[in-house]
Amino acid sequence: MALGVIGGTSLVGTKLVEAAKEREVDTPYGTVYLLVATVHSQEIVYIPRHGKDSTIPPHRMNYKANIRAFKELGVEEIIGVTSVGSLKRTIPPQSLVVPHDYISLCSIPTFYENEIVHVTPGLDEVLRKRVIGAARDLGIAIIDRGVYFQTVGPRLETRAEINLMKDYADVVGMNMASEATLATELELRYANISTVDNYAHGIIADEALDYKDIIEAASKSRENVERVLAKVIEETL
Ligand code: HPA
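All values reported here derive from a predicted model rather than from experimental measurement. (Residues numbered from 1 in each chain as written. Predicted model: local features only at pLDDT ≥ 70, side-chain atom pairs only at ≥ 80, totals over all residues. Heavy atoms only, no water.)

Trainee: I'm lost on the overall build of the protein in this one. Help?
Mentor: Each helix and strand counted, the protein has six helices and 10 strands in total. By the compact-globule yardstick of 18 Å for 237 residues, the protein fits well, its C-alpha radius of gyration being 17 Å. The C-alpha extent of the protein, read off along each of the three principal axes, is 45 × 45 × 35 Å. The buried share among the 237 residues of the protein stands at 52%. Across the protein, the fraction of contacts at a sequence separation of at least 24, relative to all contacts at a separation of at least 6, is 79%. (Helix = DSSP H or I, 4+ residues; strand = E, 2+ residues; numbered from the N terminus. Rg over C-alpha atoms; globule rule 2.2 N^0.38 Å. Buried < 20%, exposed > 50% of the residue type's maximum accessible area, 1.4 Å probe, protein only. Contact = heavy atoms within 4.5 Å.)

Here's what the structure looks like:
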């Protein structure tokens, strides 16, 4: 059984899937560019969330095609890696968070466009524990709980929005709720590693927020995320 990994800003140019085969997989929702690699004798299907050339912005992502592509290739468990802003002063940039729940108050995609089906969303506890265990075995600090608040993007949030979110969630990002919900709809197990790349707007008074700084910060977490993923893969039976 192949393990799926879907990564964004923090995994651009990742070495994890070096020597991978590039593929384009057709799904009823569109074609997905992905990489198939063998790591520690395990097959890994890696989808770069922003596309082959890192040009697809969050509000244009074809989440349904991405998750369906995993299903087409026989993937049953997915680790999503997402870049987030911190809603708590106690969670500084460079932290890694493995969320246990999420909030998404805006409309997100569904595979059930024409049928009445209501899945109960959630993150896979067994896969979450494997990620946390892998980080701990490596001595990499990881926060083992957290609520992820999904916004639509591409804009960042206003100070007033962050002020509202910060009492209910720990990190804010633009992708995870969509992926986790779609994975649940296709009965795929999904867990997430969020790289904290900035304090959300206004969490530190007077600190300016610049997207270029966020991208630069994301790349600093790449090595730790790659090591955690490699360890999870190594320990996958
Ligand atoms: N807000 C939303 N998404 C993000 C942020 C943020 O502050 N940082 C990284 N992704």
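Right, picking up where we left off after that structure.
Trainee: Where do I start with the site of the ligand in this structure?
Mentor: Contacts to the ligand come from Ser83, Val84, Gly85, Leu156, Glu157, Val172, Gly173, Met174, Asn198 and Ile214. Here a nitrogen atom of the ligand and a backbone polar atom of Ser83 are 3.2 Å apart. A total of 260 Å² of accessible area belongs to the ligand in isolation, and the protein chains cover 96% of it. The set of elements that each furnish at least two residues to the shell around the ligand consists of strand 5 (77-86) and strand 9 (171-173). When its residues are assigned to classes, the shell around the ligand shows five nonpolar, four polar and one charged. (Near = heavy atom within 4 Å. Polar contact = N/O pair within 3.5 Å; in protein donor to acceptor, adjacent residues only side chain to side chain. Areas by Shrake-Rupley, 256 points an atom, 1.4 Å probe, with all protein chains shown as cover. Nonpolar A, V, L, I, M, F, W, Y, C, P; charged D, E, K, R; others polar.)

Trainee: Before we go on, may I ask you to explain the side chain of Glu226 in this structure?
Mentor: Following the sequence through the fold, Glu226 ends up in helix 6 (residues 222-234). Within the buried set, Glu226 has no salt-bridge partner at all; the shortest N-O distance to an opposite charge, 4.9 Å, is to Arg222. (Lys, Arg positive; Asp, Glu negative; His and termini not counted. Salt bridge = Lys/Arg side-chain N within 4 Å of Asp/Glu carboxyl O.)

Trainee: Just to check I follow, could you spell out the packing of aromatic side chains for this structure?
Mentor: To describe a pair of aromatic rings, you give the distance between the ring centres and the angle between the ring planes. Going through the model one piece at a time under the given rule, you end up with one aromatic pair. Ring centres of Tyr29 and Phe111 lie 5.3 Å apart, and the angle between their planes is 55°; on these two criteria the pair is classed as tilted. Of the two residues, Tyr29 sits in the loop between strand 2 (21-27) and strand 3 (30-39) while Phe111 sits in the loop between strand 7 (101-103) and helix 2 (125-138), which places them 82 residues apart along the sequence. Residue classification places Tyr29 among the partly exposed positions, given a relative accessible area of 30%. Relative accessible area serves as the criterion here: at 12%, Phe111 is assigned to the buried category. (Phe/Tyr/Trp six-rings, centres within 6.5 Å; stacked < 30°, edge-to-face > 60°.)

Trainee: What should I look at first to understand helix 1 (residues 63-72) in this one?
Mentor: Of all 10 residues in helix 1, seven are buried, a share of seventy percent or more. Tucked into the core, helix 1 has its buried residues touching strand 1 (3-7), strand 2, strand 3, strand 4 (42-48), strand 5 and helix 4 (176-185).

Trainee: Even after reading the chapter, I still don't get the environment of Asp213, so can you show me in this structure?
Mentor: Within the fold, Asp213 resides in helix 5 (residues 211-220). Considering only alpha carbons, one finds Asp213 and Asn198, 15 residues apart in sequence, at a separation of 8.1 Å.

Trainee: Would you mind going over unusual backbone geometry with me for this structure?
Mentor: In terms of backbone geometry, most residues other than glycine have negative phi values and most peptide bonds are trans. A cis geometry characterises the amide bond from Gly153 onward to Pro154, with omega recorded as 5°. Structurally, Pro154 is set in the loop between strand 8 (147-150) and helix 3 (159-165). The backbone phi angle of Ser41 is positive, close to 65°, even though this residue is not glycine. Here Ser54, not a glycine, exhibits a phi torsion of approximately 55°, which is positive. Mapping Ser54 onto the fold places it in the loop between strand 4 and helix 1.

Trainee: What should I look at first to understand the packing of helix 1 against helix 4 in this one?
Mentor: The axes of two packed helices give the description: the angle between them and the distance between them. Here helix 1 crosses helix 4 at 45°, and the two axes come no closer than 10 Å. Between helix 1 and helix 4, the angle is such that the two are oblique. Handedness of the crossing formed by helix 1 with helix 4: right-handed. Facing helix 1, whose interface residues are Tyr63, Lys64 and Ile67, helix 4 presents Ser178, Glu179, Leu182 and Ala183. Class assignment for the residues of the contact of helix 1 with helix 4 results in four nonpolar, one polar and two charged. (Axes fitted to C-alpha atoms, helices over the stretch in contact; angles between N-to-C directions. Parallel < 35°, antiparallel > 145°, perpendicular 65-115°, else oblique. Left-handed = near helix turned anticlockwise from the far one by under 90°.)

Trainee: Sorry if this is basic, but what is going on with the environment of Arg222 here?
Mentor: As for its position among the elements, Arg222 is in helix 6. For Arg222, a relative accessible area of 23% gives the class partly exposed. Separated by 141 residues in the primary sequence, Arg222 and Val81 have C-alpha atoms spaced 9.9 Å apart. Once you skip the residues sitting within four places of it in the chain, Arg222 turns out to touch Ser10, Leu11, Val12 and Thr14.

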